[in-house]
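Each chain, letter by letter, is given below.
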There are 2 protein chains.
Amino acid sequence: MTAPFVVVGADAAGLSAASKYRRVDPDREVIVFEKGQWISYAYCGMPYFIAGRIDQLSDLLSLSPAEADERGIDLKRGHEVIAVNPDDGVVHIERGKDGETIEQPYSDLLVATGGRASTGPFDVRDLDGAFTLHNMDAAAAIDAYIADSESYSFDRVADTPVDRERIEYNAGQPAPETAAIVGGGYVGVEMAEALRERGLEVHLFQRSGHVLPPFGKPVADRVETELAEQGVTVHTNTPVAELRGEERIKAVSFDGGDDEIPVDLAIVGVGIQPNTELLDDTGIELGEGGAIRTDEYGRTNLDRVYAAGDCATARHTVTGEETWVPLGLTANRGGRAIGATVAGDETPVGDIAGTAVVKAFDMECGRVGLLDETAARKAGFDPVRKTITAGSRSGYYPGNAETDVTLVADRETGKLLGGAIVGSDRAAVRINTLSTALDAGLTVPEVERLDLAYAPPFSPVWDPVLVAAKVLGGQLPD
Amino acid sequence: MTAPFVVVGADAAGLSAASKYRRVDPDREVIVFEKGQWISYAYCGMPYFIAGRIDQLSDLLSLSPAEADERGIDLKRGHEVIAVNPDDGVVHIERGKDGETIEQPYSDLLVATGGRASTGPFDVRDLDGAFTLHNMDAAAAIDAYIADSESYSFDRVADTPVDRERIEYNAGQPAPETAAIVGGGYVGVEMAEALRERGLEVHLFQRSGHVLPPFGKPVADRVETELAEQGVTVHTNTPVAELRGEERIKAVSFDGGDDEIPVDLAIVGVGIQPNTELLDDTGIELGEGGAIRTDEYGRTNLDRVYAAGDCATARHTVTGEETWVPLGLTANRGGRAIGATVAGDETPVGDIAGTAVVKAFDMECGRVGLLDETAARKAGFDPVRKTITAGSRSGYYPGNAETDVTLVADRETGKLLGGAIVGSDRAAVRINTLSTALDAGLTVPEVERLDLAYAPPFSPVWDPVLVAAKVLGGQLPD
């Protein structure tokens, strides 16, 4: 009898792989081990749950254990894979319920252990009112902490395996009035919006010169203006020194600790790091960002061991080099491709262009490819860049909004390297034009000649992307 | 002394050419002859003017004669070019003001005479309340006709060379209550929305089985539902037989004239045809749709004679064959490229993918490429198609709306041939993903691996385009 396909981790990558595997080969077994109780949840939806825009935490669950079962997936929650023995093709598992250790042979193994929130120098665990937004229990705890104990309803977390004790404890805390968000990345910006929506005063601290570093300065400028207009106090170039307080958070300090702002809630969102510890001592190769190095089929350097999702590297569309950008589509797509490959239908996981979009109140932001000058030079390009402002609709049509497009190209070849878009009217989805152009390796003059859509309610005659290509194209040597 | 670059027609193509020409070569002269008084107006904005969503007709003018002058363009309005002599490199012009005929030698000639509304078998000229929407005077007349004489204000047409007598006459007519729109193409659908916005009862007549034929049935189904919900009575498979009435429109008849619906306004929008008569007897080659045949630089078969805009053919991105799709971007882009080429900077006009978007009340529609089975087979493909429904946002995020994507691919090669998108939430601009993919010649599996944007407020993890590619990809042979 052949050993089963074994998957570690029951989130986007793991369950996509298992589902696809079963569809391609319904005759063979797939077992998914998940150390906790949560499976397949929408990390990206958590700020909107906290904002109160989504009624129930369970709305963020995209696949239930029962649905996994219907797909023929042998899902084992409360089973932590604690070691991998690639020579014998076996994983060792600790069962939560009895602490027993069991062994499971595999034909193929997918490591989809995800990532976890970095906390930088901050320890949020011992301080009430200090959180990272790293999982569903944290989201539920933050939500409960913001509410006062009278207004909190457990309906918010019905039908979920949430840690009820932690919620009760947090709901019992006095409702906070002022929040510090440490880190101005996606999570920081989305949480600023969420907390304003919950009526808090919000301070957003960003270590470097502008928020949303991967989106570049032109996007960040618009976002910072929007944040300010929406009542968020943005502190750029301001590394937080310390979370202060005894039992409960009382202040965040900065300027090397010389200054502080009193707060009664702190959210630390300073990045995530890949969960690779399981493969320590297996001879696994790690790559960019400390993530598990994978090839175009998601294979690691270990025989019959694959990795996908936030714990794995990917290949960059523009540079062809290894990169690590932990995002949802990459996880789903990688898992799905590996599921097909293991089932016998060899499928590449696909390159990633680093496409990302984020909402900051009424501002929509998108970015893709190589925006950063240093990164572009490192990849062997000589980057030229241009930012233009164009209308989102015909100038005479109501709702027309200023849309800023930044394009970066290689001076010599004219090849498009990356881009960013910001604006309040349908700006985010426009980034897909650039993502597709990057995937296809188009040059700026080729982008300039794209036959993009025009109708007064949706776009001016020259789509903002075309305007940017025209202007940047004019600066390239013939 | 070198003869000037001569342009016939001062709309999108003509003025784009002249402007670009002057920017590239400020030392040489360009003369633009325009038979009428209007220049550079937004045809696509006219329904929204009539709807009342745009305050003044002058808002639709994108370049004024004074601005043309500032660009160094020698613009001559009221000058009708009545003949071209390509052997001598001379055009003959009739001046409106005195009826004098003059000659003008050219070094290069651009014919940018545009198109005009077809009226099919209907003569709208002799019937009050019957119109085609073919130019700014018509838009102003319809707008005035809908108003009653007391409520009409000439502010609507201030600062324009409009035919004031015609407006006064139409404003003096009794305000209409019921309109027939003959033809369910873009103009028909946009005018249905406009006339509902003005409070009229609206009947939309479409000869064939569904509205918006180039968008395919899945889009049309959603649009027809939307039109019905918005109070428009849609009559498909219903060729209009006759516009009935003596002085003023009284009814439109159908069923071979056996049935009629009383109306007091009729808009005929049954297509447009290219204005090529100027080149009769010059040996000009015409192509698709009777438009002037042009090559990749916009050159006709006549020496030093170019054509661009609604009067010219273009090359299709997917088939590589000649096509004729009169739309705004094509005109602007073609004119601009020819302006550069004539000035010495040889620039291709660019292929067109037949990208089009249209708004039908709250529904946004987009289409691109080869959707029609017959057209695909004629181009040598074996088309497979699939329509899927996906969310526009994460399922749990407020405002998520059903988005239908149709993809067509060649069975053997998997090459993407075309697509259509319809939905109420940011659906139209998503067509640009497909337009770019077609331009780059991507296959369906390649589209499936595009790194498109994901964030709950803007898109589900799998963008609707990716969902469609996954499903269609599953139906293609390996």
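None of these values were measured; they are calculated from a predicted model.

Parameters at a glance
Residues numbered from 1 in each chain as written. Chains lettered and ligands numbered in written order. Predicted model: local features only at pLDDT ≥ 70, side-chain atom pairs only at ≥ 80, totals over all residues. Heavy atoms only, no water. Buried < 20%, exposed > 50% of the residue type's maximum accessible area, 1.4 Å probe, protein only. Helix = DSSP H or I, 4+ residues; strand = E, 2+ residues; numbered from the N terminus. Arc of directions from axis to C-beta. Contact = heavy atoms within 4.5 Å. UniProt positions renumbered as here; feature names shortened; annotations may be inferred. Pairing = 2+ DSSP bridges. Axes fitted to C-alpha atoms, helices over the stretch in contact; angles between N-to-C directions. Patch = residues over 30% accessible without salt bridge, like charges linked within 9 Å, V, L, I, M, F, W, Y side chains within 5 Å. Areas by Shrake-Rupley, 256 points an atom, 1.4 Å probe, with all protein chains shown as cover. Salt bridge = Lys/Arg side-chain N within 4 Å of Asp/Glu carboxyl O. Lys, Arg positive; Asp, Glu negative; His and termini not counted. Charge placed at Lys NZ, Arg CZ, Asp CG, Glu CD. Left-handed = near helix turned anticlockwise from the far one by under 90°. Nonpolar A, V, L, I, M, F, W, Y, C, P; charged D, E, K, R; others polar. Least-squares fit on C-alpha atoms with pLDDT ≥ 70 in both. Parallel < 35°, antiparallel > 145°, perpendicular 65-115°, else oblique.

Novice: How should helix α5 (residues 164-171) of chain B be read in this particular structure?
Specialist: Helical geometry note: an α-helix holds 3.6 residues per turn, so side chains three or four residues apart project in the same direction. All names here are of chain B. Listing the buried residues of α5 in full gives Ile167, Asn170 and Ala171. Axial view of α5: buried residues confined to an arc of 95 degrees, hence all on one face. The exposed set on the far side of α5, more than 90 degrees from its buried face, consists of Glu165 and Glu168. Against the buried residues of α5 lie β9 (130-132) and α4 (136-146).

Novice: Hey, could you run me through the UniProt feature "domain: Pyridine nucleotide-disulphide oxidoreductase dimerisation" (unreviewed entry) in chain A in this one?
Specialist: Per the UniProt record, "domain: Pyridine nucleotide-disulphide oxidoreductase dimerisation" (unreviewed entry) is annotated on residues 357-460 of chain A. Along residues 357-460 of chain A, the helical share is 19% and the strand share 36%, with 22 Å between the first and last C-alpha atoms.

Novice: Teacher, can you tell me more about the sheet that holds strand β11 (residues 201-205) of chain A here?
Specialist: Hydrogen bonding along the main chain pairs the strands of a sheet, whether they run parallel or antiparallel. Residue and element names in this part refer to chain A. An order of β9-β16-β10-β11-β12 is seen for the five strands of this open sheet, with the pairing classed as parallel. Since the sheet does not close on itself, it has two edges, and those belong to β9 (130-132) and β12 (232-235), each with one partner. For this sheet, the mean angle separating the axes of adjacent strands, direction not counted, is 20 degrees. Across four bridges, strand β10 (residues 178-182) lies against strand β16 (residues 265-268) in parallel orientation. When the bridges of β16 are listed, Ala179 appears paired with Leu265. Strands β9 and β16 of the sheet are contacted by helix α4 (residues 136-146), whose axis makes an angle of about 150 degrees with β9.

Novice: Sorry, what's going on with a negative patch on the surface here?
Specialist: Taken together, A:Glu296, A:Asp345, A:Glu346 and B:Asp478 make up a surface patch of like negative charges. For B:Asp478, the position within the fold is in the segment after α12 (464-475).

Novice: For this particular structure, what's the right way to read the packing of helix α1 (residues 12-24) of chain A against helix α8 (residues 328-342) of chain A?
Specialist: When two helices pack together, you describe them by how their axes are tilted relative to each other and by the distance separating the axes. All names here are of chain A. At a minimum axis distance of 7 Å, the contact between α1 and α8 shows a crossing angle of 35 degrees. As for the relative orientation of α1 and α8, their crossing is right-handed in sense. In contact with Ala12, Ala13, Ser16, Ala17, Lys20, Tyr21, Arg23 and Val24 of α1, α8 contributes Ala331, Asn332, Gly335, Arg336, Gly339, Ala340 and Val342. Tallied by class, residues from the contact of α1 with α8 come to eight nonpolar, four polar and three charged.

Novice: Sorry, what's going on with unusual backbone geometry here?
Specialist: Trans is the prevailing form of peptide bonds, just as negative phi is the prevailing case for residues other than glycine. Residues and elements named next belong to chain A. Phi at Leu212 is positive, roughly 45 degrees, even though this residue is not glycine. Mapped onto the secondary structure, Leu212 falls in the loop between β11 and α7 (217-229). Note on Leu212: relative accessible area 1%, which makes it buried. The phi dihedral of Arg304 is positive, around 60 degrees, even though this residue is not glycine. Tracing the chain through its elements places Arg304 in the loop between β17 (272-274) and β18 (305-307).

Novice: I tried to follow the relation of the copies chain B and chain A on my own but got confused; where do I start?
Specialist: In this arrangement, two copies of a chain are superimposed by a rotation about an axis accompanied by a shift along the axis. Structural alignment of chain B on chain A gives an RMSD of 0.0 Å, achieved by rotating through 180 degrees and translating 0.0 Å along the axis. These values place the two chain copies in the arrangement generated by a two-fold rotation axis. When each C-alpha of chain B is compared by its distance to the rotation axis, B:Thr433 comes out closest, at 2.5 Å. Interface overlap between copies: 100% of the residues of chain B at the interface are likewise at the interface in chain A, consistent with a symmetric, same-surface contact.

Novice: I keep staring at the packing of helix α10 (residues 431-439) of chain A against helix α10 (residues 431-439) of chain B and nothing clicks. Help me out?
Specialist: Relative orientation of the contacting elements α10(A) and α10(B) amounts to 20 degrees, with a least axis distance of 8 Å. Regarding the angle of α10(A) to α10(B), the classification is roughly parallel. α10(A) and α10(B) meet at a crossing whose hand is right-handed. Where α10(A) abuts α10(B), its residues A:Asn432, A:Thr433, A:Thr436 and A:Ala437 lie against B:Asn432, B:Thr433, B:Thr436 and B:Ala437. Here the residues of the contact of α10(A) with α10(B) are counted per class, giving two nonpolar, six polar and no charged.

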